[in-house]
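Read off the chains here:
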Amino acid sequence: MPACVSSQATALKGTAKIPGDKSISHRALIFAALASGESRIEGLLEGEDVLHTADAVRALGARVARDGQGGWRVTGVAPGRLSQPAAPLQMGNSGTGARLLMGLVATQPMRVTFIGDDSLSRRPMGRILEPVSLFGAETESAEGGRLPVTITGTGDPAPQSYEVPVPSAQVKSAFLLAALNTPGISSLIEPLETRDHSERMLAAFGADITVEQQQNKDGTCGRRIEITGKTPLTATKIIVPRDFSSAAFPLVAALLVPGSDIVIPGVGINPLRTGLLEILGHMGAVIGIVNQREEAGEPIGDLHVKSGGLKAVTPDAALAPRLIDEYPLLFVAAASASGTSVFRGLGELRVKESDRISAMVAGLAANGVAVEELEDGLVIEGCGGILPGGGRPPGGGSVAAHGDHRVAMAFLVLGAVAQNPVTLDDAAMIATSFPGFIELMNGLGCRMVQQSAAGVSRNER
Ligand code: S3P
C-alpha cells in the first residue's frame, strides 16, 4: 500500500491543467457506443474508472480505439444490436460506469453480470434495480441489492414514468439509457436538479429529449424530462471539459495556503456542478472565472484563485446535489476557517466510495480538529484559517482513505495547510479519477511524498 505524507506548502503558484471530467467521460463512451458512425472524443479522462467503462462498451460490441493522450474514437452499435458480453463486466471502483450500464442493458435482450472492487461491492444498487425492473428487466443481486448484479434485459420494453426517490444523476441517467431503446415516450421527474450531462449530451447525439424545470413550493428546483425512445443517435465530436471536481483540490489548497495564486484553465463550470464555488463565496473566498465559453454543449471557463481567509458556513442541504463530490474537501476548508460550520442533510455521503462522513470525522479528529459526527452530517470547529489571529489545523495525524479517492485527496490538501504533516495510508486509488494528482500538486508547490513499497519516497518536488 503506497502511503503518502503531505507537509505544509509555502505557497501554490502556477497553472494547474486538470484531467478530463469523469462524469462526462463515462457518458461520452456510453452514448457514442449507441450512435451510428464514428464519434471522436477529445480530453477523455484516462483514469481507471473510465477505462473500465471503455472495456465494458467494447465488450458490448462497440469499436473503441485510442489515438493518443485523451483522444479516442468510438464506433457505435445501434441499441438493440449490442452483443452479449462473454464475461461479467468488471467495473472496478466505478459507481457511475456500473449504474449507467445497468440502465443500458435493461432494455437489450441480453443477460449481463456486473462486478466491481470491494468498495463498489458495498454500495447500494437497489436504486437502479427498481427503475430498470419497471421496464421489464429481471434483476438478481447479492444481499442488500449489492454487486454482483445480474440483469436480464427485456427485448420488449414498455415506456415508463418514474419519480426518482433520491436526487441522483446516476439513477436519472440509468433510466434515460433504458428509455432510449424503449418505443414511446418515457418520463422522469427529479425533485432536485442533479448534474445534467446526460441530457446535454443525448441532445448533442440527436436524441429526442425535452427538459422542463419545475419550481418546488420551497423555492428549490426539480426537472421533468421526457425522452422518446428508438430515435437513432448519430455520432458526434465530444470535447470533454477539465473536471471541476478534480480542480476543486488545487483550488481549495490555493485558498488555504497563504501567498497562493493559481490559474486552472478550461474547467467545466456547469452550474449543477459548481455549488462549491457558491459555498466558498459565502465563506469569503474570491474566485475569478474568466474566458467563459461553451464546448460540446457544456460551459467551461478559467478559474483564478488567490489565498484568502475563510469563515464558517452552514450550507442549505438543498444545494447538496450541486457539490455532492466536493464535501470531503469542503470539510477541510471548514476545518481551516474561523467559526463553527454545520453540515446536515448529507445521508448520501454515507454510501459513496466510502462512508464519507465517518471517514472525514475520523481523519479530521486524528489531526486535532474538533468535529462532531451527526447521523446525516457533521459539525466542524474551524481552526481560524489564515485570518489575522487565526491558526492552522494542528495536523500530525495518520488517516485512512478507506479506498476512497476523494477522501484521500482531501486529506492530502489538509496536510498542505496544517501545522504538521498528515500521513495517508494509501494514495493508490486517486488514479481512479485524478491520475497525476500528486505530481500536479507538487508542481504547484505542495509537498506530498509518496512511499514506494520499499519505503523509498518518490514524487518529491
Ligand atoms: C455522478 C453522480 C453522483 C456523483 C458521482 C458521479 C454521475 O452520484 O457522486 O461521483 O456521473 O452521474 P449520485 O448520482 O449517486 O449522486
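Fair warning: this is a prediction, and the values are worked out from it, not measured in the lab.

### A few points about the overall build of the protein chain
Phase 1 of the analysis: Of regular secondary structure, the protein chain possesses 13 helices and 26 strands.
Phase 2 of the analysis: Dimensions along the principal axes, computed over C-alpha positions, put the protein chain at roughly 65 × 55 × 45 Å.
Phase 3 of the analysis: Sorting the 461 residues of the protein chain into buried and exposed places 58% on the buried side.
Phase 4 of the analysis: Contacts in the protein chain between residues at least 24 apart in sequence constitute 75% of all its contacts with a sequence separation of at least 6.
Phase 5 of the analysis: About 16,100 Å² of surface is accessible on the protein chain, with carbon and sulfur atoms providing 50% of the total.
Phase 6 of the analysis: The positive charge centre, built from 39 side chains, and the negative charge centre, built from 47, are 5 Å apart in the protein chain.

### Comments concerning the sheet that holds strand 9 (residues 138-142)
Phase 1 of the analysis: Strand order across the open sheet formed by four strands is 7-8-10-9, with mixed pairing between neighbours. For this open sheet the edge positions go to strand 7 (89-90) and strand 9, each flanked by a neighbour on one side alone.

### Some remarks on the sheet that holds strand 22 (residues 377-381)
Phase 1 of the analysis: Strand order in the open sheet made by the three strands is 20-22-21, with antiparallel pairing throughout. Two strands in the sheet have a free side with no partner beyond their single neighbour: strand 20 (340-343) and strand 21 (371-374). Direction aside, neighbouring strands of the sheet carry axes that sit 10° apart on average.
Phase 2 of the analysis: Here strand 21 runs beside strand 22; their pairing, made up of four bridges, is antiparallel. Among the inter-strand pairings, Val371 is bridged to a residue of strand 22, identified as Ile380.
Phase 3 of the analysis: Where helix 11 (residues 356-366) meets the sheet, it contacts strand 21 and strand 22, and its direction lies at approximately 165° from that of strand 21.

### Re the domain arrangement of the protein chain
Phase 1 of the analysis: In terms of domain boundaries, the protein chain breaks down into domain 1 (4-20 + 241-460) and domain 2 (22-239).
Phase 2 of the analysis: Using C-alpha coordinates to define each centre, domain 1 is positioned 29 Å away from domain 2.
Phase 3 of the analysis: Listed per partner, the contact involves 28 residues of domain 1 and 29 residues of domain 2.
Phase 4 of the analysis: At the boundary of domain 1 and domain 2, one finds three salt bridges.
Phase 5 of the analysis: Our count for the domain 1 to domain 2 interface comes out at 13 residue pairs in polar contact (both at pLDDT 80 or more).
Phase 6 of the analysis: Of all the elements in the fold, those that place two or more residues in the side of domain 1 that touches domain 2 are strand 19 (298-306) and helix 12 (405-417).
Phase 7 of the analysis: Classifying every residue of the side of domain 1 that touches domain 2 gives 12 nonpolar, seven polar and nine charged.

### Structural notes on helix 5 (residues 126-134)
Note on helix geometry: an α-helix contains 3.6 residues per turn, so any two residues three or four positions apart are oriented the same way.
Phase 1 of the analysis: Those residues of helix 5 lying buried are Arg127, Ile128, Leu129, Pro131 and Val132.
Phase 2 of the analysis: Each element contacted by the buried residues of helix 5 is listed here: helix 3 (95-106), strand 9, strand 10 (146-152), strand 11 (161-163) and helix 6 (169-180).
Phase 3 of the analysis: Backbone geometry just after helix 5 places Gly136 at a positive phi near 110°.

### Points about the pairing of strand 6 (residues 71-75)
The two faces of the sheet receive side chains in turn, since in a regular strand these alternate between them.
Phase 1 of the analysis: Taken across its five residues, strand 6 has four buried, putting it largely inside the fold.
Phase 2 of the analysis: Across four bridges, strand 4 (residues 38-42) lies against strand 6 in antiparallel orientation. Looking across to strand 6, one finds that Arg40 is bridged to Arg73.
Phase 3 of the analysis: Inspection of the sheet shows strand 5 (residues 63-68) paired to strand 6 by five bridges, in the antiparallel sense. From the neighbouring strand, Val64 faces strand 6, where its bridge partner is Val74.
Phase 4 of the analysis: In this antiparallel pair of consecutive strands, strand 5 and strand 6, the connection spans two residues, and Gly70 shows a positive phi of 75°.

### Quick word on the packing of helix 5 against helix 6
Phase 1 of the analysis: Viewed as axis vectors pointing N to C, helix 5 and helix 6 meet at an angle of 25°, and their least axial separation amounts to 10 Å. When the axis of helix 5 is compared with that of helix 6, the two are roughly parallel. In the crossing of helix 5 with helix 6, the sense of the turn from one axis to the other is right-handed. Between helix 5, through Arg127, Ile128 and Pro131, and helix 6, the contact on the second element is made entirely by Gln170, Val171, Ala174 and Phe175.
Phase 2 of the analysis: A class-by-class count of the residues in the contact of helix 5 with helix 6 yields five nonpolar, one polar and one charged.

### A look at the site of the ligand
Phase 1 of the analysis: The immediate surroundings of the ligand are formed by Ser23, Arg27, Thr96, Arg127, Ser168, Ala169, Gln170, Arg195, Ile324, Asp325 and Lys352.
Phase 2 of the analysis: Ser23 is positioned such that a nitrogen or oxygen atom in its side chain is 2.7 Å from an oxygen atom of the ligand.
Phase 3 of the analysis: Note that an oxygen atom of the ligand is positioned 2.6 Å from one of the side-chain N or O atoms of Ser168.
Phase 4 of the analysis: Elements represented by at least two residues in the shell around the ligand include exactly helix 1 (22-32) and helix 6.
Phase 5 of the analysis: Split into classes, the residues belonging to the shell around the ligand amount to two nonpolar, four polar and five charged.
Phase 6 of the analysis: The residue makeup of the shell around the ligand includes at least three contributed by each of domain 1 (4-20 + 241-460) and domain 2 (22-239).

### What to know about the pattern of salt bridges
Phase 1 of the analysis: Throughout the structure, instances matching the rule amount to 30 salt bridges.
Phase 2 of the analysis: Asp302 serves as the salt-bridge partner of Arg293, at 3.3 Å between the closest nitrogen and oxygen.
Phase 3 of the analysis: Judged by relative accessible area, which is 32%, Arg293 ranks as partly exposed.
Phase 4 of the analysis: Here Asp302 falls in the buried class, since its relative accessible area comes to 13%.
Phase 5 of the analysis: Each of Arg123, Arg195, Asp325, Glu353, Arg356, Asp404 and Arg406 takes part in salt bridges that share partners, so that together they form one network.

### Description of helix 8 (residues 244-256)
Phase 1 of the analysis: An ideal rise of 1.5 Å per residue puts 18 Å on 13 residues; helix 8 measures up with 18 Å between its terminal C-alpha atoms.
Phase 2 of the analysis: Of all the 13 residues making up helix 8, 13 are buried; the element is thus mostly covered by neighbouring parts of the structure.
Phase 3 of the analysis: If you check the start of helix 8, you find a side-chain oxygen 2.8 Å away from the backbone N of Ser245, and it comes from Asp243.

### Section: the environment of Gly95
Phase 1 of the analysis: On the secondary structure map, Gly95 appears in helix 3.
Phase 2 of the analysis: A residue is classified by how much of its surface remains accessible, and Gly95, at 4% relative accessible area, is buried.
Phase 3 of the analysis: Sequence separation between Gly95 and Glu353 is 258 residues, and the spatial gap between their C-alpha atoms is 8.0 Å.

Conventions adopted
Residues numbered from 1 in each chain as written. Predicted model: local features only at pLDDT ≥ 70, side-chain atom pairs only at ≥ 80, totals over all residues. Heavy atoms only, no water. Helix = DSSP H or I, 4+ residues; strand = E, 2+ residues; numbered from the N terminus. Buried < 20%, exposed > 50% of the residue type's maximum accessible area, 1.4 Å probe, protein only. Contact = heavy atoms within 4.5 Å. Areas by Shrake-Rupley, 256 points an atom, 1.4 Å probe, with all protein chains shown as cover. Lys, Arg positive; Asp, Glu negative; His and termini not counted. Charge placed at Lys NZ, Arg CZ, Asp CG, Glu CD. Pairing = 2+ DSSP bridges. Axes fitted to C-alpha atoms, helices over the stretch in contact; angles between N-to-C directions. Domains from an automatic or database assignment. Salt bridge = Lys/Arg side-chain N within 4 Å of Asp/Glu carboxyl O. Polar contact = N/O pair within 3.5 Å; in protein donor to acceptor, adjacent residues only side chain to side chain. Nonpolar A, V, L, I, M, F, W, Y, C, P; charged D, E, K, R; others polar. Parallel < 35°, antiparallel > 145°, perpendicular 65-115°, else oblique. Left-handed = near helix turned anticlockwise from the far one by under 90°. Near = heavy atom within 4 Å. Expected span 1.5 Å × (residues − 1).

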